[in-house]
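# Chains, contacts and geometry: an overview
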There are 4 protein chains.
Amino acid sequence: MRILFIGDIVGSPGRQAVERYLPRVQDVVQADIVIANGENVADGRGITPNLAEWLFDHGIDFITMGNHVWDHPKIFDFIDQEKRLVRPANFRLAPGQGYALCSVGGRQLAIVNVLGRAFMGEWDGPLEVLSAVLEEIADQATWIVVDVHAETTSEKQALAWYFDGRVSAVVGTHTHVQTADERILPGGTGYITDVGMTGPFDGIIGMKKEPILHKMITHLPARFEVADGDCQFSAAIIDCEDENGRCAAIRRVFITPDHPWPDGAAFKRP
Amino acid sequence: MRILFIGDIVGSPGRQAVERYLPRVQDVVQADIVIANGENVADGRGITPNLAEWLFDHGIDFITMGNHVWDHPKIFDFIDQEKRLVRPANFRLAPGQGYALCSVGGRQLAIVNVLGRAFMGEWDGPLEVLSAVLEEIADQATWIVVDVHAETTSEKQALAWYFDGRVSAVVGTHTHVQTADERILPGGTGYITDVGMTGPFDGIIGMKKEPILHKMITHLPARFEVADGDCQFSAAIIDCEDENGRCAAIRRVFITPDHPWPDGAAFKRP
Amino acid sequence: MRILFIGDIVGSPGRQAVERYLPRVQDVVQADIVIANGENVADGRGITPNLAEWLFDHGIDFITMGNHVWDHPKIFDFIDQEKRLVRPANFRLAPGQGYALCSVGGRQLAIVNVLGRAFMGEWDGPLEVLSAVLEEIADQATWIVVDVHAETTSEKQALAWYFDGRVSAVVGTHTHVQTADERILPGGTGYITDVGMTGPFDGIIGMKKEPILHKMITHLPARFEVADGDCQFSAAIIDCEDENGRCAAIRRVFITPDHPWPDGAAFKRP
Amino acid sequence: MRILFIGDIVGSPGRQAVERYLPRVQDVVQADIVIANGENVADGRGITPNLAEWLFDHGIDFITMGNHVWDHPKIFDFIDQEKRLVRPANFRLAPGQGYALCSVGGRQLAIVNVLGRAFMGEWDGPLEVLSAVLEEIADQATWIVVDVHAETTSEKQALAWYFDGRVSAVVGTHTHVQTADERILPGGTGYITDVGMTGPFDGIIGMKKEPILHKMITHLPARFEVADGDCQFSAAIIDCEDENGRCAAIRRVFITPDHPWPDGAAFKRP
Ligand SMILES: [Fe+2]
Ligand SMILES: [Fe+2]
Ligand SMILES: [Fe+2]
Ligand SMILES: [Fe+2]
Ligand SMILES: [Fe+2]
Ligand SMILES: [Fe+2]
Ligand SMILES: [Fe+2]
Ligand SMILES: [Fe+2]
């Protein structure tokens, strides 16, 4: 079973990148399931029903979120109905769901979204939150993919090691920069610290540079806007075994103006 | 002019990695200057005169530091004499120096170390600190390499964009995870968000997993120790032009048990 | 010379408290100068030209600010003209002024506003910022009153001890709770960790309880609003000597439904 | 039923203050139960069996703790046996106990210690933690006194309002500065944001000024030590009704070289 996981899609440049690159990538990769982090799809802040629909129409099967989950108030219009939208499981008293289940070839895949706590917010910790989710779904899911949306590399690595052998993959999001440390841990869990961002290539983590620099220097308020210009596409391909849910392979996809999508032979589905 | 920049060397596994891989890498890469971040070389916390000497004896020309700079009190025994040791320039009232100058083929290379502020500490900001350093050295240095030791991707990218065209390269350290975003910015500055860590392959950012997880779960104090087992080597190769100091190429080196050092043809010096 | 310093005025309940209590207090106290922290006067967030005018019309001579200084965009309409409005001196590249000078009986009083950094923001530190201000005004002012707007008790105390003997008084703001530690330091500087808040008596630091508690529990976004109901008035009376600028006395004023304003004999001007 | 609650006792000056003032205060106040926060009693960092014994020998019946609870390793020698020592209830997987029960005149008093989270640490939140404790003890205790050890005024006020009517009193600790806002909330819960510190009068929250200022300015490491010289005694007197556990009165005690203990007539037990 092959999953394509797309990192934080930022604003309209992120959607452009999906439109341009996802079909080409899928031609070769032929993932069974495409998951994308959508916490920044609405001009960098949250998601709306229309934008979720747009993503679903463009080849994305499930959307995970992050600390920006509640940024756009329209999410409350559909989060309780839309079972393909997964919010952080840390928010167990909020509307929506912290994981989704989906059938692939007769077996169940669970998609979980969990927030880190270090430098992020004062909610329940990711170890406790994911433990509780696993208890609920343990018997139902062959494969479990966890989007850990966190700031520090240490919290993400800690989560991955703690659940190594209990989930198929832990893929990090939130920093908007792809890391080069994809690997399979000894227990069979695929891991990458951050999948990276899908959106503007020339901003500061996707946003226009000038207002951010102006604020850093003057401490005056600034209106942060999604950057324009060239775009990039960041993703990970995760192959999981059918029998035991283990990760068989995890590979990075990072397409930028500097690194165009190759013929993709290396990524061809066996 | 070619620089090899080695990311945070952690404890004795980090030194093992240097011993094992640096000669092999240098065989092919033949860098003119080797710089390494040494803030974690003394059991994960700071540096000592002996360990600095060890690094200099093993092919490293300059050492940069970070937030752990003062962790080992022995640093005060030699920081004022040892001009190859560069502490964060943010600490302008502290002993030591925030940059070093070195002659390569008749031209000067400046090596600067600067700390971020977001989620790190209440010191002067990296934009102001680096601006002040550049004013001092502007006329002296053909090439300027900046080790930006910071937590967030946004602060590192902001610094790189702000000084694009004014320094040869901005290389990030501190997160201990290599990022895959090496590039040359439009003004000619080479950039990577984090070079990654040189040390244990199976820890949590280089430290043993069990105490970190135990503390996350119980909040009890724990003695953090450098992990053992396999090790990894993380670096960046930065080629700079002689005439104008611009970055001509920046490439990642990441050697782990999963990614052994290839024949290195791709990295061969022209 | 007698100063009345009123702590953070919050929203319309804060203005009600000023209207109701300031005349009665001034009847007895007869301060030469009334200063108030106005960072929360516009519905809890910032200030407008009209509200500043309202404060000036109601017996307040100077307004200091804090971390909420830029919350209301209308401040930019008048901050550069209005010399009675003092913004944090940390923001030296921003519009407005970090201190004000005013003549009282032929001598000059300087009013300075400075922000702490711990848990607040990544700007220049209060020790450095106030040192720079003092250098500018040292020869001009007989009395210097500093509003230190900071989160932690340690940063406020550190500032007061550091400048003891160099300023007439350091009065803390920002926590919205009056402290009971008013005193004169050995060098002659009057000090109180926090003057407290002028506004709603029954909120959470002036804001309605329900949204704050709802957000703490669910982590869902909430619209914070100024609380209603009874109000409180928090201030400090600072007496300074004419010859040397030293603080001769510092006393608290805290009027609530539980502690009505007494006949005030104790506060009568000598 | 009358409780005397003494704020954070810091080092040997704090013990001196207990020795000097507690008997004089108790002469007049005649509290049934004396509780003290002891997180800083061992040279500012934690507690030892001997120091706990010393406090019990000097008129203190129960000890609460805070974020410094684990600073001294000797606490592990006795925390599981000593039922008069109450650690933060947030640490439910740690040794020791988050509350204590004690019989006063045939009725039960519960003493709870709970940590805030804002700017403090990544543990369970105080609302959830105290809710869980109350469920355990609801039927057993007539009176419940909560030591909320937290940094921000807002988190302490939020806790007090949330549990108003369900506990006898919420007394804050940790900032080491007494606040002047003692009151009884509408539901009958006594409240004060911070009781203040018992220890050195002339330090920065109890510690020597010079090392703290030196570190703030240079960012170099410093050895923080308890200050010497004069001392202060900070406490609150809480009167609770027998029938319903409500707070009948809450008053501050703050003894310093500037405010000597009066004849105490005001505090005389009825
Ligand atoms: Fe995020
Ligand atoms: Fe994001
Ligand atoms: Fe570091
Ligand atoms: Fe490091
Ligand atoms: Fe305020
Ligand atoms: Fe404030
Ligand atoms: Fe504390
Ligand atoms: Fe304390």
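The name recorded for chain A in an unreviewed UniProt entry is Metallophosphoesterase, from Kyrpidia tusciae. On record in UniProt, under Sequence similarities (unreviewed entry), the comment for chain A is "Belongs to the YmdB-like family." Entered under Cofactor (unreviewed entry) in the UniProt record, the comment concerning chain A runs "Fe(3+)".

### Description of the coordination of the iron ion (ligand 3)
All names here are of chain B. Distances from the iron ion (ligand 3) to its protein donors, namely Glu 39 (OE), Asn 67 (OD1), His 149 (NE2) and His 174 (ND1), fall within the range 2.1 to 2.2 Å. Of note, the iron ion (ligand 3) draws all its donor residues from one chain, in the sequence arrangement E-x27-N-x81-H-x24-H. Metal-to-metal, the separation of the iron ion (ligand 3) and the iron ion (ligand 4) is 3.4 Å; Glu 39 coordinates the two. Taken together, the residues Glu 39 in the loop between strand S2 (33-37) and helix H2 (49-57) and Asn 67 in the loop between strand S3 (62-64) and strand S4 (85-86) connect sequence positions 28 residues apart. According to the relative accessible area criterion, Glu 39 is buried, its value standing at 1%. Accessibility expressed as a relative area gives 26% for Asn 67, which makes it partly exposed.

### Describing the UniProt feature "binding site: Fe cation 1" (unreviewed entry) in chain A
Residues and elements named next belong to chain A. Feature annotation in UniProt assigns "binding site: Fe cation 1" (unreviewed entry) to the following positions: Asp 8, Glu 39, Asn 40 and His 176. What stands out for the annotated residues spanning 169 residues is how close their C-alpha atoms remain, the widest pair being 11.5 Å apart. When near neighbours in sequence (up to four residues on either side) are disregarded, Glu 39 contacts Asp 8, Gly 44, Arg 45, Gly 46, Thr 64, Met 65, Gly 66, Asn 67, His 68, His 149, His 174 and His 176. Only 3.1 Å separates the side chain of Glu 39 from the backbone nitrogen of Asn 67, close enough to count as a polar contact. Residue contacts for His 176: discarding those within four places in its chain leaves Asp 8, Val 10, Glu 39, Asn 40, Asp 194, Gly 196, Met 197 and Ile 205. A distance of 3.1 Å separates the side chain of His 176 from the side chain of Asp 8, its partner in a polar contact.

### Let's talk about the coordination of the iron ion (ligand 5)
Residue and element names in this part refer to chain C. Taken together, Asp 8 (OD), Glu 39 (OE), Asn 40 (OD1) and His 176 (NE2) make up the full set of protein donors to the iron ion (ligand 5), lying 2.1 to 2.2 Å away. Here the iron ion (ligand 5) is ringed by 4 donor atoms whose angles at the metal span 90 to 163°, and the overall shape comes out irregular. A gap of 3.4 Å separates the iron ion (ligand 5) and the iron ion (ligand 6), which Glu 39 links by coordinating each metal. Of the two residues, Asp 8 sits in the loop between strand S1 (2-6) and helix H1 (11-29) while His 176 sits in the loop between strand S8 (169-173) and strand S9 (183-184), which places them 168 residues apart along the sequence. For the pair Asp 8 and His 176, a shared accessibility class is recorded, and that class is buried.

### Some remarks on the environment of B:Gly59
Residue and element names in this part refer to chain B. Tracing the chain through its elements places Gly 59 in the loop between H2 and S3. Residue class for Gly 59 comes out partly exposed when judged on its relative accessible area of 34%. For the pair Gly 59 and Leu 159, spaced 100 residues apart in the sequence, the C-alpha separation amounts to 29 Å. If we skip the residues at most four places from it in the chain, Gly 59 touches Leu 22 and Val 34.

### Examining the interface of chain A and chain B
Contacts between the two partners involve 36 residues from chain A, matched on the other side by 36 residues from chain B. At the junction of chain A with chain B, the criterion picks out 2 salt bridges. Among the ionic pairs, B:Arg183 bridges to A:Asp202, the shortest N-O distance being 2.5 Å. Summed over the shared surface of chain A and chain B, the result is 12 residue pairs in polar contact (both at pLDDT 80 or more). In terms of residue count, the dominant contributor to the side of chain A that touches chain B is helix H4 (residues 153-162) of chain A (7 residues). Broken down by class, the residue content of the side of chain A that touches chain B amounts to 14 nonpolar, 11 polar and 11 charged.

About the thresholds
- Residues numbered from 1 in each chain as written.
- Chains lettered and ligands numbered in written order.
- Predicted model: local features only at pLDDT ≥ 70, side-chain atom pairs only at ≥ 80, totals over all residues.
- Heavy atoms only, no water.
- UniProt positions renumbered as here; feature names shortened; annotations may be inferred.
- Donors = N, O, S within 2.8 Å, 3.2 Å for Na, K, Ca; no water.
- Helix = DSSP H or I, 4+ residues; strand = E, 2+ residues; numbered from the N terminus.
- Buried < 20%, exposed > 50% of the residue type's maximum accessible area, 1.4 Å probe, protein only.
- Contact = heavy atoms within 4.5 Å.
- Polar contact = N/O pair within 3.5 Å; in protein donor to acceptor, adjacent residues only side chain to side chain.
- Tetrahedral: all angles 85-135°; square planar, octahedral: opposite > 155°, others 65-115°.
- Salt bridge = Lys/Arg side-chain N within 4 Å of Asp/Glu carboxyl O.
- Nonpolar A, V, L, I, M, F, W, Y, C, P; charged D, E, K, R; others polar.

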